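A closer look at the structure
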There are 2 protein chains.
Amino acid sequence: MNDRRPTTIIEVAAELGVSIATVSRALRRPELLSEETRARVLKAVERLGYQPNLLARDLRLRESKVALVVVPSLSPFFLEVFRGVEKAARKTGYSVLMGHTDRDPEREHAFFDQVAARRADGIILVTSSHASALADRKRLPPVVAALEQIDGCSLPAVRVDHTRAAVAATQYLLDLGHKRVAHISGPMSSPMAVHRVEGYQQALGPSLDTALCVEGDFTARSGELAMNLLLARHAPPTAVFAANDEMAIGAVRAAKMAGLRVPEDISIIGFDDQRIAALYDPPLTTVHVPTAEIGYRAMLLLERVLNDSATDRDIVLPTKITPRGTTAPYRPRGPAAPDDEG
Amino acid sequence: MNDRRPTTIIEVAAELGVSIATVSRALRRPELLSEETRARVLKAVERLGYQPNLLARDLRLRESKVALVVVPSLSPFFLEVFRGVEKAARKTGYSVLMGHTDRDPEREHAFFDQVAARRADGIILVTSSHASALADRKRLPPVVAALEQIDGCSLPAVRVDHTRAAVAATQYLLDLGHKRVAHISGPMSSPMAVHRVEGYQQALGPSLDTALCVEGDFTARSGELAMNLLLARHAPPTAVFAANDEMAIGAVRAAKMAGLRVPEDISIIGFDDQRIAALYDPPLTTVHVPTAEIGYRAMLLLERVLNDSATDRDIVLPTKITPRGTTAPYRPRGPAAPDDEG
DNA sequence: TTGAAAGCGGTACCAA
DNA sequence: TTGGTACCGCTTTCAA
């Protein structure tokens, strides 16, 4: 069906009796050609449906104009970052290759190799994994970190301050009057999760009760499990800060299953503000992270890194507590209402 | 920082005093070399950190080993398809480029051009838009349709039968005893949405009430709006089939806001079985679509199309009603419970 | 078993 | 303003 090979620059040139240089110029440096020649060439290009072979062009130009986005997993959360990257890429004429590592260092390496092999010009690393792949590499490809800085490196980065945001989330619950504020963290293998616990701990200071901090793995299921554990404590929390929205939703489910009303009996705050947060019932109070914006800026930053080679910036974007339906001021609870006593 | 240019095949050859052909062979056709030479070359490759330039290789070989996945929008739904594609790609040695069109024909064209320009070998079209870009193209790139066949073409495809699945979904509600079953459809600009309405209509047959069919646009918000409309009818539905999960969730919200209990007062079934469906409260009854599997098979099919050039298959995968918490047998409802009377 | 060399399809320098 | 041509880095005949 598709047996004819694509038109090449040689055929276009032959068709018009001009040199291939002229055809090339008509496309890349039209100002160098006479009005007339340019028009003739362009018309022929159109007629023959000529498309320059990017492989050849890129080989000659030593650049591929593609950016590689590497995410740890294909979740809606990272998808938002990707969306931002893509938008910026379209604006700047880049194509975007996307890959996920499943937190496998071997696969991380494979993506770096893609750059070494010139399939991409640079990498946007949206990863929360340790920079294992980065460490033992002789030659680093151009790379920008998104979402958070890679531990131990000081890459150009576009990110948020996870610790500060976690402090704010915890403080938000404290300000609501809650005394026993628990935390469901992400896996300690994820630096992002670590930074968020640190914020929780900072906010609580000396009043920190380690029994109220349970480790999850960022899935809803783990949030459910963690919540069950917390509710089984003899002094269960009245508020919970979960390190991401999925776990927060799991926690809400577990609370409901245990017969608690959210937010009347227990407050829960998530993190990220994924789409599901606003959609959930009740809508989830959470920390908004400008994911798409991060991706957008990261791509722009990568472009600068690729061009100037001098840029070395660390862009920190603000987060924002977004109150919705899963948090409420603390009110003492019990089997009966307080005024039953009197 | 990264000023040294990458090692080329020439440098490796020079280092060893062999020809570049030998180096190339060590990597691509090792069996042609003597044991000893091969070992020497491989060691030098390792030592120098040589990575063949894929641009050059691809130019020579006239293939890029990249597949382009084109989706209409960056939603978690399409992400699942992508996940499957990526898995198959990894297995078969392809890289995956992803792009979304926002249903803009111009951008669809742009992606086809990427193939014409040899940045990718073929396309996996996960689109529900009309094949506008396909129609007015002289030379079609190798393309596989995923999720559904493109109207008017008969591309190799991996898909589900949307109409049949919609019949089953509607029938499921009917079997539950519901008489007034409404439908919230996707936008009629999407063939997928059209196929799903058709199923709804088929299942209802002559008893179809056009007042019970409202058009949405696949967003939760539109589901909410549609539901409000339906509840305002003087004979409101007792069951609703929404053409995707997001709209179904919007419908559930609207029902709750209107003071109805789901599923006691009204049953709602979605379509797709996105992740959010199982997470929602109550968990959404829906039609399971094997999205990742579709992507996986589509990539495998594309590879065959690219190689054999003879394949022309139409693979239809099964869907499955997945009962969860938003549907229940029909029971007449009123302002008071039935036994309040006695 | 190895080497020499002809491309793959462009870009851009140097001349004319 | 245009043409001739030397690359870009690799693969693969064809010969030795």
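Residues numbered from 1 in each chain as written. Chains lettered and ligands numbered in written order. Predicted model: local features only at pLDDT ≥ 70, side-chain atom pairs only at ≥ 80, totals over all residues. Heavy atoms only, no water.

Bringing helix α10 (residues 220-232) of chain B into the picture now. Look at α10 of chain B: 19 Å from first C-alpha to last across 13 residues, which is about the 18 Å you get at 1.5 Å a residue. Restricting attention to buried positions, one finds in α10 of chain B the residues A220, S222, G223, E224, A226, M227 and L230 of chain B. Looking at the buried side of α10 of chain B, the elements it contacts are α12 (275-279) of chain A together with β6 (181-185), β7 (213-215), β8 (239-242), α11 (245-257) and β9 (267-269) of chain B. (Helix = DSSP H or I, 4+ residues; strand = E, 2+ residues; numbered from the N terminus. Expected span 1.5 Å × (residues − 1). Buried < 20%, exposed > 50% of the residue type's maximum accessible area, 1.4 Å probe, protein only. Contact = heavy atoms within 4.5 Å.)

Attention shifts here to the nonpolar core. I124, V126 and M227 of chain A together with I124, V126 and M227 of chain B are the most contacted members of the largest nonpolar core, which totals 149 residues. For M227 of chain A, the contacting residues outside a window of four places in its chain are I184, V240, A251, A254, A255, I266 and I268 of chain A. Ranked by size, the runner-up nonpolar core spans 30 residues in total, among them V70 of chain A together with F111, I123 and I150 of chain B. (Core = buried A, V, L, I, M, F, W, Y, C linked by side-chain atoms within 4.5 Å.)

Quick look at the protein's contact with DNA strand C now. Of all residues adjacent to DNA strand C, which total 30 residues, the nearest are S24 and R57 of chain A together with T22, R25 and T37 of chain B. Taken together, the sugar and phosphate atoms account for 65% of what DNA strand C places within 4 Å of the protein. Between DNA strand C and the protein, one listed contact pairs a base nitrogen with a backbone N or O atom of A56 of chain A at 3.3 Å. One of the side-chain nitrogen or oxygen atoms of R25 of chain B is found 2.7 Å away from a base nitrogen of DNA strand C. Those elements giving two or more residues to the surface near DNA strand C turn out to be α2 (20-28) and α4 (54-61) of chain A together with α2 (20-28) and α4 (54-61) of chain B. When residues of the surface near DNA strand C are assigned to their parent elements, the largest contribution, five residues, is made by α2 of chain A. Here the surface near DNA strand C is composed, by residue class, of twelve nonpolar, ten polar and eight charged. (Near = heavy atom within 4 Å. Polar contact = N/O pair within 3.5 Å; in protein donor to acceptor, adjacent residues only side chain to side chain. Nonpolar A, V, L, I, M, F, W, Y, C, P; charged D, E, K, R; others polar.)

Listed under "domain: HTH lacI-type" (unreviewed entry) in the UniProt record, and renumbered for this structure, are residues 7-61 of chain A. Annotation note: span residues 7-61 of chain A, helix share 71%, strand share 0%, distance between end C-alpha atoms 21 Å. (UniProt positions renumbered as here; feature names shortened; annotations may be inferred.)

As a further point, take the environment of L54 of chain A. Mapped onto the secondary structure, L54 of chain A falls in helix α4. Take L54 of chain A: its relative accessible area is 12%, and that puts it in the buried class. Sequence separation of L54 of chain A and A89 of chain A is 35 residues, and the distance between their C-alpha atoms is 17 Å. For L54 of chain A, the residues in contact, after removing those within four places along its chain, are L59 of chain A together with A117 and R119 of chain B.

With that settled, consider the relation of the copies chain B and chain A. The two copies are related by a screw operation: chain B maps onto chain A through 180° of rotation and 0.1 Å of translation along the axis, at an RMSD of 0.1 Å. The transformation just described matches what one would write down for a two-fold rotation axis. Across chain B, the smallest distance between a C-alpha and the rotation axis is recorded for L97 of chain B, namely 2.3 Å. A shared interface surface links the copies, since 100% of the contact residues of chain B are contact residues in chain A too. (Least-squares fit on C-alpha atoms with pLDDT ≥ 70 in both.)

Looking now at the interface of chain B and chain A. Each side of the interface is counted separately: chain B has 59 residues, and chain A has 60 residues. Both faces combined, the contact of chain B with chain A buries some 5400 Å², and carbon together with sulfur accounts for 52% of it. Along the contact surface separating chain B from chain A lie six salt bridges. Here E246 of chain A and R275 of chain B are joined by a salt bridge, their closest N and O atoms 2.9 Å apart. Put simply, the parts of the chain that give the side of chain B that touches chain A at least two residues each are α3 (35-48), α4, α5 (76-92), β2 (95-100), α6 (105-116), α11 and α12 (275-279) of chain B. (Buried area = accessible area lost by both parts, 1.4 Å probe. Salt bridge = Lys/Arg side-chain N within 4 Å of Asp/Glu carboxyl O.)

With that out of the way, let us pick up the sheet that holds β6 of chain B. Backbone-to-backbone hydrogen bonds pair the strands of a sheet. The strands run either parallel or antiparallel. Residues and elements named next belong to chain B. Strand order in the open sheet formed by four strands is β7-β6-β8-β9, and the pairing between neighbours is parallel. Either end of the sheet is taken by a strand with one partner, and the two such strands are β7 and β9. Taken over all neighbouring pairs, the strand axes of this sheet differ in orientation by 15° on average, direction set aside. Bridging between β8 and β9 involves three bridges; their strand directions are parallel. Within β9, the position partnered with F241 by the bridge is I269. Contacts between helix α9 (residues 191-204) and the sheet are confined to β6, β7 and β8, with β6 contributing the most and set at about 165° to the helix. In the packing of α11 onto the sheet, the strands contacted are β6, β8 and β9, and the crossing angle to β9 comes to about 165°. (Pairing = 2+ DSSP bridges. Axes fitted to C-alpha atoms, helices over the stretch in contact; angles between N-to-C directions.)

For the rest of this paragraph, the subject is the pairing of strand β11 (residues 314-317) of chain B. For a regular strand, side-chain orientation follows a simple rule: the groups alternate between the two sheet faces. Residues and elements named next belong to chain B. Taking every second residue as pointing to the same face, the buried face of β11 carries I315 and L317, while none of D314 and V316 on the other face is buried. Here strand β5 (residues 157-160) pairs with β11 via four bridges, running parallel. Within the sheet, the bridge partner assigned to R159 lies in β11 and is V316.

Glancing now at the pairing of β5 of chain B. Residues and elements named next belong to chain B. Of the two faces of β5, both are covered, the one formed by A157 and R159 as well as the one formed by V158 and V160. With three bridges joining them, strand β4 (residues 143-147) and β5 adopt parallel strand pairing. When the sheet's bridge partners are listed, A146 is paired in β5 with V158.

Right, let's get into the sheet that holds strand β7 (residues 213-215) of chain A. Residue and element names in this part refer to chain A. Strand order in the open sheet formed by four strands is β7-β6-β8-β9, and the pairing between neighbours is parallel. Only two strands of the sheet have a single neighbouring strand rather than two, namely β7 and β9 (267-269). The average angle at which neighbouring strand axes cross in this sheet is 15°, direction not considered. Across the sheet, helix α8 (residues 162-175) lies against β6 (181-185), β8 (239-242) and β9, angled at about 165° from β8, the strand it touches most. Here helix α9 (residues 191-204) sits on the sheet in contact with β6, β7 and β8, set at roughly 165° to β6.

Turning our attention to unusual backbone geometry. All names here are of chain A. Between V262 and P263 the backbone carries a cis peptide bond, its omega angle lying at 10°. The topology assignment puts P263 in the loop between α11 (245-257) and β9. We note that R103 has phi near 60°; this positive angle belongs to a residue other than glycine. Positionally, R103 belongs in the loop between β2 (95-100) and α6 (105-116). The phi angle at D273 is positive, at roughly 60°, despite the residue not being glycine. For D273, the location among the structural elements is in the loop between β9 and α12.

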